[in-house]
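A closer look at the structure
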Amino acid sequence: MTSLPTRRLGALTVSAQGLGCMGMSHGYGTSDDTQSIATIHRALDLGVTLLDTSDFYGSGHNEELIGRALAGARREQAVVATKFGFANRLGDPTHIRGDAAYVRQACDASLRRLGVDHIDLYYQHRVDTTVPIEETVGAMAELVAAGKVRHLGLSEAGAGTLRRAHAVHPIAALQSEWSLWTRDLEAEIAPVCRELGIGLVPFSPLGRGFLTGRYTSLDALQQNDVRRTQPRFAAGNLERNLSIVETLDALAAEKGVTAGQLALAWVQHRGDDVVPIPGTRREKYLEENLGAVAIRLSADELAAIDAAAPAGRVAGPRYDERSLAVVNK
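Residues numbered from 1 in each chain as written. Predicted model: local features only at pLDDT ≥ 70, side-chain atom pairs only at ≥ 80, totals over all residues. Heavy atoms only, no water.

**Topic: the overall build of the protein**
This is how the line gets drawn: A run of DSSP states H or I qualifies as a helix once it reaches four residues; a run of E qualifies as a strand once it reaches two. Both are numbered from the N-terminal end. For a compact globule the rule gives 2.2 Å times the number of residues to the power 0.38, and the radius of gyration it is set against comes from C-alpha atoms. Note on classification: 1.4 Å probe, protein chains only; a residue is buried when its accessible area is under 20% of the maximum for its type, exposed when over 50%, partly exposed between these limits.
Counting its regular elements, the protein contains 11 helices and nine strands. Here the C-alpha atoms of the protein give a radius of gyration of 19 Å, agreeing with the 20 Å that 2.2 N^0.38 yields for 329 residues. C-alpha atoms of the protein, sized along the principal axes, occupy 55 × 40 × 40 Å. Of all 329 residues assigned to the protein, the portion counted as buried reaches 58%.

So, in C-alpha cells, the structure goes:
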C-alpha cells in the first residue's frame, strides 16, 4: 500500500485526489461490479482515501457497491462521502428535498446501504430552494451530534447559500463541477469558500472524459450513456470542442503526459484546498489519473493551458435547461 499527498477539506484530511464512483452504477453505460470493486480496492492500495457516491447513483446501487467494497478492514482505509436530496431517485432530477424529516430519512437509508455506522462527509446534492438552508443544515448538524455523520458538505450551492449554511454549522466542502471547460464557480463561489475555509471538491474534472481525447464522436458512447443528451456532446458543439482537446494534446506531448493528465493537473493546481474526484471504472485510468498528482506546472505552462481552454470558449452549456435550473443555488 502506498500513500498520496493529503489536503484539507475544512477540518477533514483526505488524499489530494479522490475517486468518483458514480459511473460504476449510473450515467455512463453498462458497468461490471467485480471490475468496479477491484478498481476501488486498487485506489485504496494506491493511497486514495476519498470515495464519492450518492443515494441517487443507480438508485442506491452505488452505495451498496461501495459497502461491499469496504466490507471488513477496508472501511478503515476510506473516507466515505455520499449525498442526499434527489427525492425521486428513479426519475426526475429536479425533484429535490431538503426538509429536516427527509434529511434524517435519507441518512438512515444511506447508512444501511453502505453498511457503515457513520458517513464521513455528507452532502446535500442540490439545494432545495423551497426550504430554508438553515433547516436543512440544522438537520444535518443533528446527524453530526448523533454520531451518524462526521463532516458536512453542499453540492452546487451558490455563494449566499454557503454563507448561510456555514453560519449554522461548519461546511467542510463544496462539491461542484470544475474543469477547464466548466469554470463558473471561479468568479464568486470559490472566493467565498476560501474566505470561510470550505474545501473544494471538483467533480467531472476531466469534462466527463471529453478532455482525455478518448471521445471524438457519439459513436464511442453506449446508447444509455447520459452524455448523448448533454449539449456539449451534441453535433456541432462536439466538433468545436474537439479543437480544445487537440491543443491540450499538443501541450501534453511537450510535457510527456496525456491530455487527461494535463487537464487534471490544471485542476490540482487550483489550490491546496482543491481535491478533484475524477471517476473511472477501470484500474488503468485510475492509475493514469493519479499520475496527475505528481505533475508540476510552471506559470508559463499554466498560462498556455488557460489559453488553450479560456473560460467561455466551450461550445454549449454543461447541462440542459432543467438541470441547469438547480445548480449554484
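Here the narrative resumes.
**Overview of the sheet that holds strand 9 (residues 199-203)**
Inclusion rule: Pairs of strands are assigned from DSSP output, requiring at least two bridges between the strands.
Judged by pairing direction, the sheet is parallel, and its seven strands sit side by side in the order 3-4-5-6-7-8-9 without closing on themselves. In this open sheet, the two edge strands, each paired with only one partner strand, are strand 3 (19-20) and strand 9. The pairing of strand 8 (residues 171-177) with strand 9 spans five bridges and is parallel. Residue pairing in the sheet places glutamate 177 in a bridge with phenylalanine 203 of strand 9.

**Here we look at the side chain of threonine 212**
So the rule is basically this: Contacts: residue pairs with any heavy atoms within 4.5 Å of one another.
With respect to the helices and strands, threonine 212 occurs in the loop between strand 9 and helix 7 (237-255). With relative accessibility at 12%, the residue threonine 212 sits in the buried group. Aside from chain neighbours lying at most four places away, what touches threonine 212 is Leu206, Ala259 and Gly260.

**Examining the nonpolar core**
Let me state the cut-off plainly: By convention a nonpolar core is built from buried Ala, Val, Leu, Ile, Met, Phe, Trp, Tyr and Cys residues, the set being connected through side-chain atoms within 4.5 Å.
Ranked by internal contacts, the top residues of the largest apolar core, which has 82 residues, are Leu19, Ile40, Leu162 and Leu174. Leu50, Val79, Ala172 and Ala173 belong to the second largest nonpolar core, which has 16 residues in total.

**Concerning the pairing of strand 1 (residues 6-9)**
Burial along strand 1 is one-sided: the residues Arg7 and Leu9 are buried and none of Thr6 and Arg8 is. Relative to strand 2 (residues 12-15), strand 1 runs antiparallel, the two being bridged by four bridges. Note that in strand 2 the partner of leucine 9 across the bridge is leucine 12. As consecutive antiparallel partners, strand 1 and strand 2 are separated by two residues, and within that stretch glycine 10 has a phi angle of approximately 60°, a positive value.

By themselves, these figures tell us nothing about what the structure is for.
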